[in-house]
Amino acid sequence: MGNPKEYKIQNLKIPDHVAIIMDGNGRWAKKRLMPRKFGHRAGAEKLRQVVRWCADYKIKYLTVYAFSTENWQRSKDEVNALMNLIIEFFGKYEDELRAEGVRLNFIGELSDLPQKTLEVVQKAERDSQERNRIILTIALSYGSRQEIIRACKLYGDALQSGTMTPDQLTIDNFSDFFYAADLPDLDLLIRPGGEQRISNFLLWQLSYAEMYFIDKLWPDFSEDDLYQALEEYSGRDRRFGDAR
Ligand code: FPP
């Protein structure tokens, strides 16, 4: 049977696609009398750990909310710190991400990013395309309503150019107009930080996802918290609207 933990893991139902709203960095820093940007730094380190844990569980897709369209309204100091943190992260952990087999995808209005941040994320994405142990999608300058409106406009273009006719639109092919067309629907959303809301994240893709909220700040999220989320997910009865 192996060790008890291994046995427990073997009995989990592993979701294909997990999303995380990484909330609570600011409060984590405040509790330590530190500026908010230290919380984001701790949050980035947590992301690094969680990617590894998810890959070990053989979760195929992990999608995280790193920066929303609304986050541009934060102080210049905080926004700059986050943009620089992203640059630093992909420089520092390039080898590790390669060794772990992490393919990167970025979704959102990437053209809003400062030039240097944009170059770094585009290069990180390009360099990772051959890897396939886990697909990590990072939402930057992302808003789900904006993504849906953008998709409608692209669909309008397809109608105008005659590459599609109105009767050809389906639930499946509408998502071809999203930032990452080939991402499967979500199975599980985890939101640490104590809030129980979606905050304009992946509204379409979450249609049948299970929700898991945990009253712990993101930098404090542990391997055991991930295990408990997966255990809870394994026990959920997913009927997709069916009456069974
Ligand atoms: C929300 O917490 C978190 C963010 C706006 C930023 C999340 C970013 C990271 C975890 C780092 C990402 C790094 C890379 C490399 C992708 P909050 O600041 O709103 O927390 P609060 O609710 O406690 O104020």
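Look above for the structure.
The present account deals with the structure reproduced in this document. (Residues numbered from 1 in each chain as written. Predicted model: local features only at pLDDT ≥ 70, side-chain atom pairs only at ≥ 80, totals over all residues. Heavy atoms only, no water.)

## A word on helix H6 (residues 115–127)
The end-to-end C-alpha separation of H6 is 18 Å, in line with the 18 Å expected for 13 residues at 1.5 Å each. Of the positions making up H6, those classed as buried are Thr 117, Leu 118, Val 120, Val 121 and Ala 124. For H6, the arc enclosing every buried residue in end-on projection is 165°, short of the 170-degree limit, so these residues lie on one face. For H6, the exposed residues set more than 90 degrees away from the buried face come down to Gln 115 and Arg 126. As for H6, its buried residues are in contact with helix H4 (76–92), strand E3 (102–107) and strand E4 (134–142). (Helix = DSSP H or I, 4+ residues; strand = E, 2+ residues; numbered from the N terminus. Expected span 1.5 Å × (residues − 1). Buried < 20%, exposed > 50% of the residue type's maximum accessible area, 1.4 Å probe, protein only. Arc of directions from axis to C-beta. Contact = heavy atoms within 4.5 Å.)

## Structural notes on the packing of helix H3 (residues 36–56) against H4
A packed helix pair is summarised by two numbers, namely the angle formed by the two axes and the spacing between the axes. Relative to each other, H3 and H4 sit at 30°, their axes nearing to 10 Å. Taken together, H3 and H4 sit at an angle that is classed as roughly parallel. Judged by the sense of rotation from one axis to the other, the crossing of H3 with H4 is right-handed. Contact residues: Arg 36, Lys 37, His 40, Arg 41, Ala 44, Glu 45 and Arg 48 in H3; Asp 77, Glu 78, Ala 81, Leu 82, Leu 85, Glu 88, Phe 89 and Lys 92 in H4. For the contact of H3 with H4, the class distribution of residues is five nonpolar, one polar and nine charged. (Axes fitted to C-alpha atoms, helices over the stretch in contact; angles between N-to-C directions. Parallel < 35°, antiparallel > 145°, perpendicular 65-115°, else oblique. Left-handed = near helix turned anticlockwise from the far one by under 90°. Nonpolar A, V, L, I, M, F, W, Y, C, P; charged D, E, K, R; others polar.)

## A short note on the packing of H4 against H6
Two elements in contact, H4 and H6, have axes whose closest approach is 9 Å; the angle formed by their N-to-C orientations is 35°. The handedness of the crossing between H4 and H6 comes out as left-handed. Residue-level contacts link Met 83, Ile 86, Ile 87 and Phe 90 of H4 to Lys 116, Thr 117, Val 120, Val 121 and Ala 124 of H6. Partitioned by chemical class, the residues of the contact of H4 with H6 number seven nonpolar, one polar and one charged.

## Describing the site of the ligand
Every one of the 17 residues lining the ligand counts as a neighbour, but Asp 23, Gly 26, Arg 27, Arg 36 and Arg 74 are closest to it. Between an oxygen atom of the ligand and a side-chain N or O atom of Asp 23, the distance comes to 3.1 Å. Here an oxygen atom of the ligand sits 3.2 Å away from a polar atom, N or O, in the main chain of Asn 25. The protein chains hide 91% of the 630 Å² of surface that the ligand would expose on its own. When atoms are counted within 2 Å of each cavity's grid points, the one that captures over half of the ligand is the largest pocket. Per-element tally for the shell around the ligand: the top contributor is H3, with five residues. For the shell around the ligand, a count of residues per class yields seven nonpolar, six polar and four charged. (Near = heavy atom within 4 Å. Polar contact = N/O pair within 3.5 Å; in protein donor to acceptor, adjacent residues only side chain to side chain. Areas by Shrake-Rupley, 256 points an atom, 1.4 Å probe, with all protein chains shown as cover. 1 Å grid on protein atoms, 1.4 Å probe; cavity = no way out; pocket = protein on both sides within 12 Å on 5 of 7 lines; lining within 4 Å. Sits in = over half its atoms within 2 Å of the grid points.)

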